[in-house]
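Examining the three-dimensional arrangement
Now for the letters of each chain:
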Amino acid sequence: MNHFQRNWLKCSIFQREKCEVITCAGKPPTRQEILEMVKGVHGILWCSTHRLDEEVVNVAGPQLKVASTLSVGYDHIDASLLKRRNIKLGNTAGVADDSVAEVAVGLCLMAAHRLAEGRDFARASRMVHGNVDASWLLGHELRDATVGVVGLGRIGTEVARRLKAFKVCDIIYAGNQEKQEGRDLGATFVPLGELAERSDFIVVSCLLNDKTRHLINRHFFEKTKCSAILVNVARGEVIDQDALIEALNCGKIWGAGLDVTTPEPLPQGHPLLSAPRCVITAHQGNATIRTRGEMAILTARNILAALFDEEMPSRVV
């Protein structure tokens, strides 16, 4: 039994000792199955990409006290509705910071060094050695680069901390305000437009909300270097994907590494899948045995705390 399985079992036992637990059989469950299972429950552990909205809350009933999502982001949950209904909402803030930061660094390296392309060539036995064609599969380095972080929260801070080890020249960041974490890292707070103009690598790690939806758009790409590499470990909707496709195809930026897209997964034939020098992974930021296990435990503790009128360890509303 691995670390995740032990923690998930611990989460289940922990809950069952204190309350009756009902689980959906589907992996993933359909929305209809969720609606059938939530009737009469007092708490919901939400591990689904379906939206937790008014329909779900109404079907559950007026006794519903808490919902907790097995994720950091909660843009798939109607938080304002829960607040109006006096239903507490929890998430797993802080647990996945290291794991997501590692994936962000990995995407920087994959996109910059064209590792996915190299893998495909190697699998097809079509490798070209540098002494035959010195220009084959040339990429970029983090060394002496300017890194721009969009959203220097917990994850953005961990990304910046790791990238410093790659001998980058400068770290700059944009967001709502200057932060002590940025000062501690020696990073400089700049407007978003300046970040677009100066950055060789741009890492998007902000929350998705009304202010950040399509924050990275055509206007942003008009300012970027043609050699810039964009990495997104936030949410797909932070980036205007049509603008990104245009920027990649027209050479307004050099490449991209995306762990998140809209939708997920992208349908076959989607133009982003064939865009030049674009690495796309399967929303794997928190997909480690250790992190998912810790997320399961925290989600269960949020629910149990709310049910027994105790302070939730990670409360959103």
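Everything discussed here concerns the structure shown above.
Model, not experiment: these values are computed from the prediction.

Cut-offs and rules
- Residues numbered from 1 in each chain as written.
- Predicted model: local features only at pLDDT ≥ 70, side-chain atom pairs only at ≥ 80, totals over all residues.
- Heavy atoms only, no water.
- Helix = DSSP H or I, 4+ residues; strand = E, 2+ residues; numbered from the N terminus.
- Buried < 20%, exposed > 50% of the residue type's maximum accessible area, 1.4 Å probe, protein only.
- Contact = heavy atoms within 4.5 Å.
- Lys, Arg positive; Asp, Glu negative; His and termini not counted.
- Charge placed at Lys NZ, Arg CZ, Asp CG, Glu CD.
- Polar contact = N/O pair within 3.5 Å; in protein donor to acceptor, adjacent residues only side chain to side chain.
- Pairing = 2+ DSSP bridges.
- Axes fitted to C-alpha atoms, helices over the stretch in contact; angles between N-to-C directions.
- Right-handed = clockwise from strand over helix to strand, strands pointing away.
- Core = buried A, V, L, I, M, F, W, Y, C linked by side-chain atoms within 4.5 Å.

Section: the overall build of the chain
- Along the backbone of the chain there are 12 helices and 10 strands.
- In terms of overall dimensions, the chain has a C-alpha envelope of 65 × 45 × 35 Å along the principal axes.
- Across the 317 residues that make up the chain, the buried fraction comes to 46%.
- Taking the contacts inside the chain whose residues are at least 6 apart along the sequence as the reference set, 63% of them involve residues at least 24 apart.
- Charge centroids of the chain, computed over 38 positive and 37 negative side chains, lie 3 Å from each other.

Focus: helix α11 (residues 241-250)
- Inspection of α11 places Q241, A243, L244, I245, A247 and L248 among the buried residues, and these make up the whole buried set.
- On its buried face, α11 is in contact with α10 (218-221), β8 (229-232), β9 (255-258) and β10 (278-280).
- Among the residues of α11, the N-terminal cap falls to D240, whose side-chain oxygen and the backbone nitrogen of D242 are separated by 3.2 Å.
- G251 sits one or two residues past α11 and shows a positive phi near 80 degrees.

Some words on the environment of M37
- Inspection of the secondary structure assignment puts M37 in helix α2 (residues 31-37).
- M37 gets classed as partly exposed once you look at its relative accessible area, which sits at 27%.
- In sequence terms M37 and S71 are 34 residues apart; their C-alpha atoms lie 21 Å from each other.
- For M37, the residues in contact, after removing those within four places along its chain, are I22, T23 and C24.

A few points about the sheet that holds strand β1 (residues 43-46)
- Here we have three strands laid out as an open sheet, ordered β1-β2-β3, and parallel in their pairing. Sheet topology places β1 and β3 (88-90) at the edges, where each strand pairs with a single neighbour. Across the sheet, the axes of successive neighbouring strands diverge by a mean angle of 15 degrees, strand direction being ignored.
- Pairing between strand β2 (residues 66-69) and β3: three bridges, direction parallel.

Let's talk about the side chain of T291
- When you line up the elements, T291 lands in helix α12 (residues 289-307).
- Setting aside residues up to four positions removed in sequence, T291 forms contacts with V95, A96, S99 and N286.

Focus on the side chain of E158
- Residue placement: E158 occurs in helix α7 (residues 154-163).
- We classify E158 as buried; its relative accessible area is 18%.
- Looking at E158, its side chain comes within polar contact range of the side chain of R162, at 2.8 Å.
- Ignoring anything within four residues of it in the chain, the contact list for E158 reads D97, D98 and A101.

Digging into the pairing of strand β5 (residues 170-174)
- With four of five residues buried, β5 lies mostly within the body of the structure.
- Note that strand β4 (residues 146-150) and β5 share five bridges and pair parallel. Within β5, the position partnered with G148 by the bridge is I172.
- Read as a crossover between parallel neighbours, the route from β4 over α7 to β5 is right-handed.
- In this structure, β5 lies alongside strand β6 (residues 188-189), joined through two bridges in parallel fashion. Along β6, the bridge assignment pairs Y173 with F189.
- Traced from β5 through helix α8 (residues 180-185) to β6, the parallel crossover comes out right-handed.

Points about the nonpolar core
- Ranked by size, the top nonpolar core spans 32 residues in total, and within it V147, V159, L163, F201, V203, I229 and V231 carry the most contacts.
- Mapped onto this core, the elements with two or more residues apiece are α5 (97-113), β4, α7, β5, β7 (201-204) and β8.
- With eight residues, α5 is the largest single contributor of residues to this core.
- When neighbours within four sequence positions are excluded, I229 is seen to be in contact with A111, A112, H140, D200, F201, I202, W254 and G255.
- Residues A174, I216, L230 and L258 belong to the second largest nonpolar core, which totals 30 residues.

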